[in-house]
Amino acid sequence: EGSQTALWVSEWLQAVPGFGWALLLPAAFAGGAPWGFALFPRMAEDGALGWVLPVGCLALGLWPGMYRQLLAAQAVEREAQWYLQAGALGLSEATRARWLLASSLAPTLARTGTLVGHLLSGAVVVELAFGLHGLGALANLAVAGVCCVV
C-alpha cells in the first residue's frame, strides 16, 4: 500500500504516454526555450548530458506501471506463508522488509521485459520527430524493410 500522493502521481504520469513527455519536456526545458534559458542542453549537443532529458522522459511513462506492479507483488507476498512465519519467529521488521522487497522484485523485473516495447516505440517517435539517428530510427528502418536487423 503506497501513499496516496505516490499513487496520484503515478496515475497522472500514466495519463500522458512516455513519448508525449519525451516530446514536450525537451521542447520546454532544452536549449532554445521561449523564456531564454535552458535547464538542459539540446539533445546530442553535449554528449551524454544531452540525452538525460529525453531518456528520463521516456522512463516517466514506465514508472507508474512498475510502481503499481511492485505494490501488488508486495501485497501478495505479505499474505504468503513465509512472511507470516517470519513474523511469528520474531524476525525484525527490517529483515522482513528486505526479504519482502527481494521477493517482490522478481515479478516487477519480469514486467520490465514487456515494457521494453513501449520504450522502443517511444524512441521511434522521439527520434523521428527530432531527426535523430539511434535505436528508434533503426527499428523504423527495419519495419520498413530498408535494412535487416536480427
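First things first, this report covers the structure right here in the doc. (Residues numbered from 1 in each chain as written. Predicted model: local features only at pLDDT ≥ 70, side-chain atom pairs only at ≥ 80, totals over all residues. Heavy atoms only, no water.)

**Re the overall build of the chain**
For step 1, the next point in the chain: Looking only at helices and strands, the chain features seven helices and zero strands.
For step 2, the next point in the chain: The helix and strand sequence of the chain, counted from the amino end, reads α-α-α-α-α-α-α.
For step 3, the next point in the chain: Buried positions account for 31% of the 150 residues belonging to the chain.
For step 4, the next point in the chain: Taking contacts inside the chain between residues at least 6 apart in sequence as the whole, the part at least 24 apart equals 56%.
For step 5, the next point in the chain: Accessible area of the chain: about 9,300 Å², with a carbon and sulfur share of 68%. (Helix = DSSP H or I, 4+ residues; strand = E, 2+ residues; numbered from the N terminus. Buried < 20%, exposed > 50% of the residue type's maximum accessible area, 1.4 Å probe, protein only. Contact = heavy atoms within 4.5 Å. Areas by Shrake-Rupley, 256 points an atom, 1.4 Å probe, with all protein chains shown as cover.)

**So, the packing of helix α4 (residues 63-78) against helix α6 (residues 93-130)**
For step 1, the next point in the chain: Contact pair α4 / α6: the axes reach a minimum separation of 8 Å and the direction vectors enclose 145°. Remark: the crossing between α4 and α6 carries right-handed chirality. For the pair formed by α4 and α6, the contact residues are Gly65, Met66, Gln69, Leu70, Ala73, Gln74, Glu77 and Arg78 on the first element and Leu100, Leu101, Ser103, Ser104, Leu105, Pro107, Thr108, Arg111, Thr112 and Leu115 on the second.
For step 2, the next point in the chain: Among the residues forming the contact of α4 with α6, the class breakdown is eight nonpolar, seven polar and three charged. (Axes fitted to C-alpha atoms, helices over the stretch in contact; angles between N-to-C directions. Left-handed = near helix turned anticlockwise from the far one by under 90°. Nonpolar A, V, L, I, M, F, W, Y, C, P; charged D, E, K, R; others polar.)

**As for the side chain of Glu77**
For step 1, the next point in the chain: Mapped onto the fold, Glu77 is located in helix α4.
For step 2, the next point in the chain: Buried charge without a salt bridge: Glu77, with Arg78 as the nearest opposite-charge side chain at an N-O distance of 10 Å.
For step 3, the next point in the chain: When residues no more than four places from it in sequence are discounted, the contact partners of Glu77 are Trp82, Tyr83, Leu100 and Ser103. (Lys, Arg positive; Asp, Glu negative; His and termini not counted. Salt bridge = Lys/Arg side-chain N within 4 Å of Asp/Glu carboxyl O.)

**A look at the packing of helix α1 (residues 4-15) against α4**
For step 1, the next point in the chain: Across the interface, α1 lies against α4 with an axial gap of 8 Å and an inter-helix angle of 140°. By the angle class used here, α1 and α4 are oblique. α1 and α4 meet at a crossing whose hand is left-handed. Residue-level contacts link Ala6, Leu7, Val9, Ser10, Glu11, Leu13 and Gln14 of α1 to Trp63, Pro64, Tyr67, Arg68 and Leu71 of α4.
For step 2, the next point in the chain: Residue composition of the contact of α1 with α4, by class: eight nonpolar, two polar and two charged. (Parallel < 35°, antiparallel > 145°, perpendicular 65-115°, else oblique.)

**What to know about the packing of aromatic side chains**
For step 1, the next point in the chain: By the definition in use, this model includes two aromatic pairs.
For step 2, the next point in the chain: Taking 6.5 Å as the distance between ring centres and 55° as the angle between the ring planes, the aromatic pair formed by Trp82 and Trp99 counts as tilted. Taken as a pair, Trp82 in helix α5 (residues 81-88) and Trp99 in helix α6 lie far apart in primary sequence, 17 residues in all.
For step 3, the next point in the chain: An aromatic cluster is defined as three or more aromatic residues linked by ring pairs; in this entry it consists of Trp82, Tyr83 and Trp99.
For step 4, the next point in the chain: In this arrangement the basic side chain of Arg96 is found over the ring face of Tyr83, its NZ or CZ atom lying 4.8 Å from the centre. (Phe/Tyr/Trp six-rings, centres within 6.5 Å; stacked < 30°, edge-to-face > 60°. Lys NZ or Arg CZ within 6 Å of the ring centre and 35° of its normal.)

**Re the environment of Trp8**
For step 1, the next point in the chain: Its location among the elements puts Trp8 in helix α1.
For step 2, the next point in the chain: Here the alpha-carbon distance between Trp8 and Pro64, two residues 56 residues apart in the chain, equals 9.7 Å.

**Observations concerning the pattern of salt bridges**
For step 1, the next point in the chain: The full count for this structure, using the stated rule, is one salt bridge.
For step 2, the next point in the chain: Linking Arg96 and Glu93 is a salt bridge whose minimum nitrogen-to-oxygen distance equals 2.7 Å. Placement of the pair is Arg96 and Glu93 together in helix α6, with a separation of three residues, close to one helical turn.
For step 3, the next point in the chain: Among the residues examined, Arg96 registers a relative accessible area of 15% and is labelled buried.
For step 4, the next point in the chain: In this structure Glu93 comes out as partly exposed when scored by relative accessible area, which is 46%.

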